[in-house]
Amino acid sequence: MIAKITGGKETANLIRYLYDTRKKGHTDPHLVASWDGFAPDPGRADNVAATKKLLVADLDLHVKQAERLGLAPEQHVWHCSIRAAKTDRHLSDNAWADIARRVVAATGIAPDGDPDGCRWVAVRHAPDHIHIAATKVRADLRTARHWNDYLTADRELAAIEKEYGLFQVVRGDRTAAKRPTRAEREKASRAGHDRTARERLRTTVRTAVAAATSTEEFIRLLEHTGGVLVDVKHFPSGDVRGYTVALEGDTNGKKEPIWYSGSELSPDLSFPKIRKRLEATEPQPPVRAGHRRANPWHQATAATERIPHRLEQGDDAAAQAHLAAFGEVLDALPLLAPKDLRPQLRQAAEVFERATRSRIQAEHQHARALRGAVRAMVREPAPGDSALLAMVLDAAVLVVIAATHWHQLRHHDQQVAAARQTLIHLQAAYDQAAAEPLAALAARTPPASTVQRYAQDIREAVPAYAEQILTEPAWDALAAALAAAEATGHDPGELLQRAAEQRPLADAKSPAKTLTWRIQRLGHRHVPSPTARAAQARSPHISRTHPFTRTTAETTPARTTPPSRPHRSR
């Protein structure tokens, strides 16, 4: 059920509207409830006009008394319409009466057991909704305390939906970005745009935040974005106080640009909140002599893969920070992807934006590493093929599944709906991005004897998923990835163990594909020396048990050197 609450100055105008049978849908207007159960009902009277006047006079009784004492509020009319969902059954008059009484009590118009509550009536003139008309002056001539009436009415309607077995509306937590108005949508349609100026600017600003490493760079990126006007606000000291943005050509009746502050675009795009996020970005360390720079795509993938684990730790502030940082990953991907993938990725980023915020305050320092990796990824040339992008998207799909579950546990309904919609776009983009590199890998499948050896490694590393992996079409690509890693000196069995320990495979649509990307990423790392392997074997960390492997330090001796295996000729 949805409530809409408005106010007004004239009780008579509202009653006249509610009983106007010429209005569309006003088929049988009649009272279903009132403040005392005895209010006159114009819908069931012979003299409709006279009864309307009686009803208005009764509703206005305390208003007139308060006016003589100068106590009446100027806006003394309270109007609440309550509409059921289209799929809901038609409720009886008695049911609607009960709903009306509960809403006026919850909102403070007529609290339960209060003899001085405001006067009100509930009018039903269509099967699926009612209107509650009230005057806000109580019998003791005080004005009703109805602050936050929309929220209190909405909470009561949520309880009513459950009790009556009605459709349960997805409700927000007041952290959503402001919806475009009808006028904004119509203006965009006339201009041939599928999105309003507010929505287009929101995407532009979020993309700039995802790419920037400082507030100075953020402002600079906005100023160099084509078609966007930027007005920077300063304190008397010269420090930046805030910013507003406008689209070129988007003007008001005076032909002046229509400016939007960051907070008008989205609650997390105000300048202070952007500065807080950018300050919690880990700078990339300089490359030491004789060392090569780590691949930022691999770093971003590794940091992304850790997010589901972070969501399970019970630290909500840290979890919220990682979801916000992951939103920046999605904001950045359309900048780096091939043109044919950008529409799906842009839609995924725009939809997931709703899932990056909740009433939980994020402690952004927890996601410093991921933010730093994203900025480095933006500065890295776009990949020559789709393999790196597919690697990131595979990890991203698992994050969105984990985010859906995290929001569900906290009853964040709008965020859950946004995450589910994001998953559709991300999965489509991943399937498209992964097709070519997986096919290229599968074309380099090693000999059958090597494949059989890898199959045994699979059974040891992930016994719960072994048979599924070995029968998947992507098994050939995984075997090829293992062969490539082995050719550079890695031990396939160890790589599979590490890949399985990074993140459970329960949510993976294709465990074989997920392991393929992990093996490729791990295979690009330097091969540990025999001395390093011996040190790792002596490390206490080897004793940990992983729920998706059957080997532990207590049951299986650690490998100190790789087994002697023939390498496939290259």
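For the structure itself, consult the block above.
A. Inspection of the sheet that holds strand β4 (residues 120-126) at higher detail. If you walk across this open sheet you meet the five strands as β1-β3-β5-β4-β2, and the pairing is antiparallel. With partners counted over all chains shown, the strands left at the sheet margins are β1 (2-8) and β2 (30-34), one partner each. Recorded for the sheet is a direction-independent mean angle of 25° between the axes of neighbouring strands. Strand direction decides the pairing type here: β1 and strand β3 (residues 77-83), joined by seven bridges, are antiparallel. Bridging from a neighbouring strand, I2 pairs with R83 of β3. Across the face of the sheet, helix α5 (residues 149-164) comes into contact with β1 and β3 while running at roughly 150° to β1.

B. Inspection of the sheet that holds strand β7 (residues 240-247) at higher detail. Read from one edge to the other, the open sheet built from three strands follows the order β6-β7-β8, with strand pairing classed as antiparallel. The strands lining the two open edges of the sheet, one partner per strand, are β6 (228-234) and β8 (260-261). Both β7 and β8 contribute to a ladder of two bridges, which runs antiparallel. Each bridged residue has a counterpart across the sheet, and for V245 the counterpart in β8 is Y260.

C. The arrangement of the pattern of salt bridges in detail. Tallied over the entire structure, the rule returns 32 salt bridges. Among the salt bridges present, the one from R102 reaches E156, with a minimum N-O distance of 2.8 Å. Of this pair, R102 sits in helix α4 (residues 93-107) while E156 sits in helix α5; the two residues are 54 residues apart in sequence, bridging distant segments of the chain. By the burial criterion, R102 is buried, and E156 matches it. Notably, a salt bridge pairs R521 with E305, separated by 2.4 Å at the nearest N-O pair. Placement of the pair is R521 in helix α22 (residues 511-523) and E305 in helix α11 (residues 296-305), with a sequence separation of 216 residues. For the pair R521 and E305, one class covers both residues: buried. Salt bridges sharing partners connect three or more residues here, namely R206, D268, R277, E328, D331, E353, R357, R371 and R375.

D. Broad picture of the packing of helix α13 (residues 316-336) against helix α14 (residues 342-352). As a packed pair, α13 and α14 sit with axes 8 Å apart at the nearest point and diverge in direction by 155°. Accordingly, the angle class assigned to the pair α13 and α14 is roughly antiparallel. When you trace α13 past α14, the crossing you get is left-handed. Across from L323, F326, G327, L330, D331, L333 and P334 in α13, the residues of α14 making contact are R342, L345, R346, A348, A349 and F352.

E. Fine view of the pairing of β7. For β7, the tally of buried residues reaches six of eight residues, placing the bulk of the element in the interior. Where β6 lies against β7, seven bridges are found, and the strand directions are antiparallel. Looking at β7, one finds that L229 is bridged to A246. Between β6 and the antiparallel strand that follows it, β7, lie five residues; G238 among them carries a positive phi value of about 100°.

F. Just unusual backbone geometry, in detail. A positive phi is found at R174, a non-glycine position, where the angle reads about 70°. Looking at the element boundaries, R174 is found in the loop between α5 and α6 (182-190).

G. The arrangement of the nonpolar core in detail. In this structure, F326, L333, L393 and L426 are the most contacted members of the largest nonpolar core, which totals 56 residues. Counting residues per element, the ones that place at least two in this core are α11, α12 (307-311), α13, α14, α15 (368-379), α16 (387-409), α17 (413-442) and α20 (475-487). No other element matches α16, which puts 14 residues into this core. What F326 contacts, discounting residues up to four positions off in sequence, is T304, I307, F352, L370, A396, V399 and V400.

Cut-offs used in this document
- Residues numbered from 1 in each chain as written.
- Predicted model: local features only at pLDDT ≥ 70, side-chain atom pairs only at ≥ 80, totals over all residues.
- Heavy atoms only, no water.
- Pairing = 2+ DSSP bridges.
- Helix = DSSP H or I, 4+ residues; strand = E, 2+ residues; numbered from the N terminus.
- Axes fitted to C-alpha atoms, helices over the stretch in contact; angles between N-to-C directions.
- Contact = heavy atoms within 4.5 Å.
- Salt bridge = Lys/Arg side-chain N within 4 Å of Asp/Glu carboxyl O.
- Buried < 20%, exposed > 50% of the residue type's maximum accessible area, 1.4 Å probe, protein only.
- Parallel < 35°, antiparallel > 145°, perpendicular 65-115°, else oblique.
- Left-handed = near helix turned anticlockwise from the far one by under 90°.
- Core = buried A, V, L, I, M, F, W, Y, C linked by side-chain atoms within 4.5 Å.

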